[in-house]
Amino acid sequence: MQIHTFYDAYLGTFYERRPELRDAPFASQIGALLEDGFSGSHLVAPHMGQLGHQTQLVIANCVPAQFRWAQENGVPVPRTGDDLYRLVARQVEAFRPEILYVTDPILFDSRFLRGLSWKPRFVAGWRAASIPQGTDWSAFDLMLSSDEGCRRRALELGARAVEPFRAGFPAFLADAVADQPKQWDVVFSGQGSAEHLERLRGLVAVARASDRGRNFSFGCFLANADPALLPEELRFHLQPAVWAKDMLRTLRSGRIVLNSHIDLVAHRAQNMRLFEATGVGSFLLTEESDALADLFEPGVEVGTYRDHEDMLRAIRHHLDNPEEREAIARRGQERCLRDYGMVVYARNFDRLVRDGLMRRDAATAATPSPVPNLSVAIVNSFENFGGAAQAANRLHRALRADGVDSRMLVRERATDDPTVIQAAPTDPAARQAFATRFRDRLGPSAALHMRPERGYFSLDIAERGASLLAGLTDAARPPIDLVNLHWVADFLDWELFFQPGNAARPVVWTLHDMRPFTGGCHYAFDCNGFTAGCGRCPNIDPKDGSPKNGSGDPNDATHRMLERQCALLAGWGGHLHLVAPSRWLAGEAARSTLFAGRPVSVIPNSVDIQAFRPIAKAEARARLGLPADGRLLLFVGHDVLEPRKGYGHLRQALPALSGGPVTRLLTVGKGRPPADSPIPHMHLNGTDSSETLNLAYAAADLLVLPTLQDNLPNTVLEAFASGTPVAGFAVGGVPEHVLPDRTGALVPTGDGAALGALLRRLVEAPDHLAELGREARNHAEREFAPAVQARRYRDLFAGILAMQGKGRDASRPLPIPHDCRP
């Protein structure tokens, strides 16, 4: 069964021309729409019968047809948009398909699928356009798209698998318009919305070159464009929008059919016009791209252009050489009907679905069943601000894709994702109580004089601590089986959270730094106070000259804070299990006064290995506007000036590169390092765009990681997934994955001279760097893939709940994977 939607403008025009169809049976209306050919390249259901399938096509927003279906099946007729939406669910439940294909997965996303009483065996979708915020595809087994960017985004939105898939062309439509004579020298038919700005600029250039038809005739059949906003030169050539067979006749009427993609997928050779123009036998002139050669042979089956000037040159050339033009058009049509006809299209779809079913069934057979209806709350201060938030968000999406009911509770929300919940603001009374407790934490001086060079410091209380608890016990939402804490500074309030009345649900605390088991610091550096109760904290400048060695001091704010945390945890009575992304951090937690003796597992964070992927260096550098030659070193940080990230040590290492191969430095992140680099230095501000970050990693020969203390930074995962090795200091959890002469190389922490010598050796060995990059990508696929992380967490959660007597036989052993132990 296929669920599709048509443009409302087309449906209105169709029924105006054929009003008698409004009272025709449902099947007759669908048949007439198919015969008219609108969106025929996307409609696979009518062609699947040839392969032995029973099929049904629903045009969800076709009110007359849907009205008749309701009458014929004895259900209330639709009166509103919501009625139409519910009617589609009734149609699924009536047809009871094994395979459901949704070609409008924005309107009918996972929220629609989860509401169905009939659950199809396999759900596939298709999308190759913009994807609104808040879209949920976690219930889709397979998402198809001709656009690589959409496929990457589909995995981020929870689709279990993605595959490249292009549309076909129904051969009967070529026969239907074969008698159309040529009327225009150049013709364009398509959309002219705000998503097509480059297209509009090209059309204006053609209009000006036409000079009101004096040089050549130009028919511009533009839909969804406000003529008042267009230049007068283009308005002169505007024609009414055309649809279905009328649009195909328009394409057939042009000696040259001009094609320009939507801005989202510019120069990626994939829109429907490629097949429609060639399918009707017209000469197609489209943008030049590497991807085009996979579909048609440029210069032999289609014409191409690089830019507007080249486009105008090509138009003049092919108008002056009709025999060459018609020969290309003939070969293009032969290729289209042979390789992209609907029979081929249906067979490819059938193969993709069957392969998807086999993969899913094999994975299901090999994977232990999760706890039924497992519901987990992932708690983090931010939705996606900072490395810990990104890691928590990736886990949230990976779990949802794995079938776990995961919701994310945050202090600060950044998107409209319905699975991410923002804690309620604090009321005035609670804010006043927090202020009183805050002053008490600071002691008699009512101030802590922090030393910023030692990094972040946070207290054990939070203004929105009560809101966090309320979010976990919201009666309007399904109950939560397990709480997974992440980076919760200024969000989790120890005194409110660790109370005996809040001990029923087990808690898994994923550590992203050392703060959960210290007296306030996020990284202790050379201080071991967290192993002996804290005090005389080196993060705090006491202003009295007393030693700052971390030794216990009952009057020290950090000592009092850690003492309270120990007492609260001892009296809580609940189950707490720790997860560390690295063995180093797991070991530090095990040494701490607070968490000694607590169970701890090691599960690395994940990275989207589709969004972060190898890209040819020449392409990545060109897209970022970087020089194509020489070596490129990369330094990435949320805040590149944060002392802990070690840019100063990188700066000490750079002089060693003088006199060697041409080498440049690219820094990415908030803030800009001083302009005193001894090698050429470029900077990109911000790390919010995964696409830009992926390009930066792929453009680089080497990520330099001079961090002075760290767990396992996201930058390592992202670089590896992008096929880029890492060089830096052997600190924290970094040596567990940056393996000498396999995925990178390391030197002792803080040794700038040794780092410089290492960089010099590596930039002089480009083949070795490439080899390291290939192995880094392999390592990312094995260790950091979202599905791998989700399996490890799901099994951990299931084991903990089994011990608690929920969902599975409590007598079975705790199924913590062997690779998740510290």
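Remember, it's a predicted structure, so these values are computed and weren't measured experimentally. (Residues numbered from 1 in each chain as written. Predicted model: local features only at pLDDT ≥ 70, side-chain atom pairs only at ≥ 80, totals over all residues. Heavy atoms only, no water.)

1. Considering the packing of helix H22 (residues 617-624) against helix H24 (residues 690-699)
- Put simply, H22 and H24 touch, their axes get as near as 8 Å, and they point 130° apart. On the basis of the axis angle, H22 is oblique to H24. Here H22 runs over H24; the crossing is left-handed. Each of Lys-617, Ala-620, Arg-621, Arg-623 and Leu-624 in H22 lies in contact with H24, whose residues at this interface are Glu-691, Thr-692, Leu-695, Ala-696, Ala-698 and Ala-699.
- Residue composition of the contact of H22 with H24, grouped by class: six nonpolar, one polar and four charged. (Axes fitted to C-alpha atoms, helices over the stretch in contact; angles between N-to-C directions. Helix = DSSP H or I, 4+ residues; strand = E, 2+ residues; numbered from the N terminus. Parallel < 35°, antiparallel > 145°, perpendicular 65-115°, else oblique. Left-handed = near helix turned anticlockwise from the far one by under 90°. Contact = heavy atoms within 4.5 Å. Nonpolar A, V, L, I, M, F, W, Y, C, P; charged D, E, K, R; others polar.)

2. Thoughts on the pattern of salt bridges
- For the coordinates displayed, the defined rule picks out 43 salt bridges.
- The closest approach of N and O atoms between Lys-245 and Glu-35, which form a salt bridge, is 2.5 Å. One end of the pair, Lys-245, is in helix H11 (residues 244-252); the other, Glu-35, is in helix H2 (residues 26-36), with 210 residues separating them in the sequence.
- Among the residues examined, Glu-35 registers a relative accessible area of 41% and is labelled partly exposed.
- Among the salt bridges present, the one from Arg-794 reaches Asp-402, with a minimum N-O distance of 2.6 Å. You can see Arg-794 sitting in helix H28 (residues 786-803) and its partner Asp-402 sitting in the loop between helix H16 (387-401) and strand E14 (405-412), a full 392 residues away along the chain.
- Judged by relative accessible area, which is 27%, Asp-402 ranks as partly exposed. (Salt bridge = Lys/Arg side-chain N within 4 Å of Asp/Glu carboxyl O. Buried < 20%, exposed > 50% of the residue type's maximum accessible area, 1.4 Å probe, protein only.)

3. Description of the packing of aromatic side chains
- Following the criterion strictly, the structure yields 31 aromatic pairs and no others.
- Both rings, one in Tyr-101 and one in Phe-349, keep their centres 4.4 Å apart while their planes meet at 45°; by these two values the pair is tilted. One end of the pair, Tyr-101, is in strand E3 (residues 99-102); the other, Phe-349, is in helix H15 (residues 342-366), and 248 residues separate them in sequence.
- Overall, Tyr-101 belongs to the buried group, its relative accessible area being 2%.
- For the pair Phe-498 and Trp-509, a centre-to-centre distance of 6.3 Å together with 20° between the ring planes defines the contact as stacked. A residue pair is termed long-range when its members are at least 10 positions apart, and Phe-498 in the loop between helix H19 (494-497) and strand E17 (507-510) and Trp-509 in strand E17 qualify at eleven residues.
- Accessibility expressed as a relative area gives 1% for Phe-498, which makes it buried.
- A relative accessible area of 2% places Trp-509 in the buried class.
- These aromatic residues form a ring-pair network of at least three members: Phe-6, Tyr-7, Tyr-10, Phe-14, Tyr-15, Phe-38 and Trp-243. (Phe/Tyr/Trp six-rings, centres within 6.5 Å; stacked < 30°, edge-to-face > 60°.)

4. Things to note about the nonpolar core
- Ranked by size, the top nonpolar core spans 43 residues in total, and within it Trp-509 and Phe-595 carry the most contacts.
- Counting residues in each nonpolar core, the second largest holds 37 residues, with Ile-609, Ala-719, Val-738 and Ala-785 among its members. (Core = buried A, V, L, I, M, F, W, Y, C linked by side-chain atoms within 4.5 Å.)

5. Observations regarding the side chain of Ser-110
- By secondary structure assignment, the location of Ser-110 is in helix H6 (residues 110-114).
- By relative accessible area, which is 0% here, Ser-110 ends up buried.
- Within the structure, the side chain of Ser-110 is placed 3.1 Å from the backbone nitrogen of Ser-138, a separation counted as a polar contact.
- Leaving out residues up to four positions away in the same chain, Ser-110 has contacts with Asp-136, Trp-137, Ser-138, Ala-139 and Phe-140. (Polar contact = N/O pair within 3.5 Å; in protein donor to acceptor, adjacent residues only side chain to side chain.)

6. Looking at the sheet that holds strand E23 (residues 702-705)
- Strand order across the open sheet formed by six strands is E22-E21-E20-E23-E24-E25, with parallel pairing between neighbours. The outermost strands of the open sheet, each flanked by one partner alone, are strand E22 (681-684) and strand E25 (744-747). Shown here is a sheet whose adjacent strand axes are inclined to one another by a mean of 20°, direction ignored.
- Taken together, the four bridges between strand E21 (residues 663-670) and E22 define a ladder with parallel strand orientation. Residue pairing across strands places Thr-667 opposite His-683, the latter belonging to E22. (Pairing = 2+ DSSP bridges.)

7. What about unusual backbone geometry?
- Its identity is not glycine, yet Arg-96 carries a phi of approximately 50°, on the positive side.
- Turning to its location among the elements, Arg-96 is positioned in the loop between helix H5 (81-95) and E3.
- Using a relative accessible area of 49% as the deciding quantity, one classes Arg-96 as partly exposed.
- Backbone geometry places Asp-741, a non-glycine residue, at a positive phi of 60°.
- Following the sequence through the fold, Asp-741 ends up in the loop between strand E24 (726-729) and E25.
- Taking the relative accessible area as the measure of exposure, Asp-741 reaches 51% and is therefore exposed.

Bear in mind that shape data such as this cannot, by itself, settle questions of function.
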